[in-house]
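Analysis of the macromolecular model
Residue strings, one per chain:
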Amino acid sequence: MSPAAKRRYAVQFEDWTVYEATVFASSAPEAIEKAKAIYNLNGLAELSAVESGDSLWHARCLDEEVAS
């Protein structure tokens, strides 16, 4: 394919990460408060990172469509 036949595309990559902490608690609200306290004290250092879902790629043509 010659350079003249190529089009410009804007390509985006979407990804998300889930951070998790394991805590001992007697209820869900207590567990959330403990995890928040851990985060407030140490940031993400005490949390594990887990990739969630599939990575999604999107491309959008920046050049006008060529009429055929």
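Placed above this text is the structure.
Figured I'd write up the structure that's included with this text. (Residues numbered from 1 in each chain as written. Predicted model: local features only at pLDDT ≥ 70, side-chain atom pairs only at ≥ 80, totals over all residues. Heavy atoms only, no water.)

1. Examining the overall build of the chain
Looking only at helices and strands, the chain has one helix and four strands in total. Listing every helix and strand of the chain by position from the N terminus yields β-β-α-β-β. The proportion of buried residues among the 68 residues of the chain is 1%. Accessible surface computed for the chain: about 6000 Å², of which carbon and sulfur atoms make up 55%. (Helix = DSSP H or I, 4+ residues; strand = E, 2+ residues; numbered from the N terminus. Buried < 20%, exposed > 50% of the residue type's maximum accessible area, 1.4 Å probe, protein only. Areas by Shrake-Rupley, 256 points an atom, 1.4 Å probe, with all protein chains shown as cover.)

2. Structural notes on the environment of Ile38
Secondary-structure assignment places Ile38 in helix 1 (residues 28-42). When the C-alpha positions of Ile38 and Val23 are compared, they lie 9.4 Å apart, and in sequence the two are 15 residues distant. Contacts of Ile38, omitting those with residues within four sequence positions, involve Val23, Gly43 and Glu46. (Contact = heavy atoms within 4.5 Å.)

3. Details of the environment of Leu62
Mapped onto the secondary structure, Leu62 falls in the segment after strand 4 (56-61). The contacts of Leu62, once residues within four sequence positions are left out, are Arg8, Tyr9 and Ala10.

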